[in-house]
Each structure stands twice: as structure tokens, then as C-alpha cells.
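Residues per chain are reported as follows:
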Amino acid sequence: MIIANWKANGDFESNKVWCNRFIERMSSIGSKSIGIAPSHLHFNQIKSDLKDHDIEIGFQDIDIEGGARTGSISPSMAIDSNISFCLIGHSERREIFNEDNNYISKKYQALTKHNIKPILCIGESYKEFQAGKTEKKLQSQIEKCILGKTIQENLIIAYEPIWAIGTGNTPKPKDVNTIHEFIKDVVQSASEKNLRPKVLYGGSVNKLNAPDFFVEKNIDGALIGGASLDANVFSDIIEIFSRHKEK
Ligand code: PGA
């Protein structure tokens, strides 16, 4: 699956141009595993503009419950909007909004309770990467966020090294492949149903490096920030994905 994470970007006019261009390109690509996470404000616009296409539209984040929580979007609002998936635990939420694993675990449980597909983002800092602590960090994030809870069959994990997000630096695709296998093992061994989740890679994916990632067996797709803001570039990446994984 390829997911666009638009973060706090977009406006009604440029979104319309984006969707028109994307629809033109999609008619020749025909991939079946595409997701877009626009802002909450633009969710309905994108859902309506792309309604005739097989594209999942989801949220970038969600609150744990509704009620007296000024500024929040609750899980039942998400259901009301008919979302297809929801990102949780993105490193920008962890860093800028001080969300810890305990809070992300509550978000995970809220999504499970409402039967919404969770995309749990995990990743290590550059310091942890350099110290060889990547797997330890990922295991602890997985354990604290989801283990011991019901593991949803449609759970997706997005591995996003913090130091690779928006920087142009990426780990080696072969190393990412090994890390994804590790992530799948950790989740599988905790899953009563022996579930092996799909694992997406995120962090400076572009159309030049995409082929090197998608050739790897355990890289099941990508979560794409900057490169998803241009409909042509995003379509190019989907085309590459489709060539490698959907033939
Ligand atoms: P990037 O962002 O593709 O701009 O590095 C990825 C993400 O933050 O999900």
C-alpha cells in the first residue's frame, strides 16, 4: 500500500488541481492499494473528489474519545466520516505534541474498539540508529503501543526513522528489509492468530529511490510526505510500486 501523508498542507483550490491531475494519471495505472491522509478539514473534499476511484481516504491522527476535549476529532466522528484508516504515533505527534507510547496505545485501543484500520508509526532517532539501538527501540514501541491488546487483522505498521523524515537521508533498503522482517516477527509472536502485519517504509521516499525500496520482499509499501504533495510525483511512485508488487 502507498499512503500520502499530507500533514498540515493543502487548500481547497490546490487540492482540486491535485485530484484532477491524480485522476488523469490513475486511469492508466489502476493500482488497488492507495491511501491518502489529508487534513481533517479537507477530508470530505478529497473523499468527494475521488469518490469514483478505488482510493482509501483516512485521518492523520485521532483523539482517544469524544466529549469535553476542545479541538479534538473523536473516534465516533471518524466513523461518521467513514474513514478507511488512521495514522497513529507519527513522530511529529510524538515530538511536537508530546504523545508518548501510553497515549498512543489508548489511540490504538480506540481504533480497535471502533474497528478502524490502524497504521501505527514507529521509528528511532539518529542517535539510537548510530548506537545500534534501532531494533530495541522499535520492539519497545510495539510492545508499549499494541502488545497485550487485541491485534487487529488489518493492522499496518509504518517504520519511519525520525532522521529520515523530510531530510533526504534514508537507511539502506536492504537494512530496512531486515528491520521490517524483525517488526513482523515481533508482532507475529504476540499475535494469537499468528498475524504478520504489512510494514510500510516512510522517510524521504521519492521516485528515484522508490524502486530500491520496493524490490525488497518485506517492504510492503510506503508512507510518503513531501513527495506526495505533487500529484505527478505521487503517481510516479504508485506506478513503480505497482510494477514491483502488484504484477
Ligand atoms: P517524508 O515524510 O516523505 O516527507 O520524509 C514521511 C512522513 O513523515 O510520513
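Residues numbered from 1 in each chain as written. Predicted model: local features only at pLDDT ≥ 70, side-chain atom pairs only at ≥ 80, totals over all residues. Heavy atoms only, no water.

Some points on the packing of aromatic side chains
The geometry of an aromatic ring pair is captured by the separation of the ring centres together with the interplanar angle, meaning the angle of the planes.
Alright, step 1. Under the counting rule described, the total for this entry stands at 11 aromatic pairs.
Alright, step 2. Among the aromatic residues, ring-to-ring pairing joins Trp6, Trp18, Phe22 and Phe234 into one connected group.
Alright, step 3. Here the guanidinium or amino end of Arg93 rests over the ring plane of Phe97, the centre of that ring lying 3.8 Å away. (Phe/Tyr/Trp six-rings, centres within 6.5 Å; stacked < 30°, edge-to-face > 60°. Lys NZ or Arg CZ within 6 Å of the ring centre and 35° of its normal.)

As for the pattern of salt bridges
Alright, step 1. Enumeration over the complete set of coordinates arrives at 18 salt bridges.
Alright, step 2. Between Glu239 and Arg25 there is a salt bridge, with the nearest N and O atoms lying 3.1 Å from each other. With Glu239 in helix H10 (residues 231-245) and Arg25 in helix H1 (residues 12-29), the pair connects residues that are 214 residues apart, well separated along the chain.
Alright, step 3. Of the residues examined, Glu239 reaches a relative accessible area of 31% and is grouped as partly exposed.
Alright, step 4. Of the charged contacts in the structure, one is a salt bridge between Arg93 and Asp61, with a shortest N-O distance of 3.2 Å. (Salt bridge = Lys/Arg side-chain N within 4 Å of Asp/Glu carboxyl O. Helix = DSSP H or I, 4+ residues; strand = E, 2+ residues; numbered from the N terminus. Buried < 20%, exposed > 50% of the residue type's maximum accessible area, 1.4 Å probe, protein only.)

A short note on the state of the cysteines
Alright, step 1. Per the counting criterion, the structure on display carries zero disulfides.
Alright, step 2. In this structure Cys121 is a free cysteine whose sulfur lies 9.5 Å from that of Cys86, the closest cysteine sulfur available.
Alright, step 3. For Cys121, a relative accessible area of 2% puts it in the buried group. (Disulfide = S-S within 2.5 Å.)

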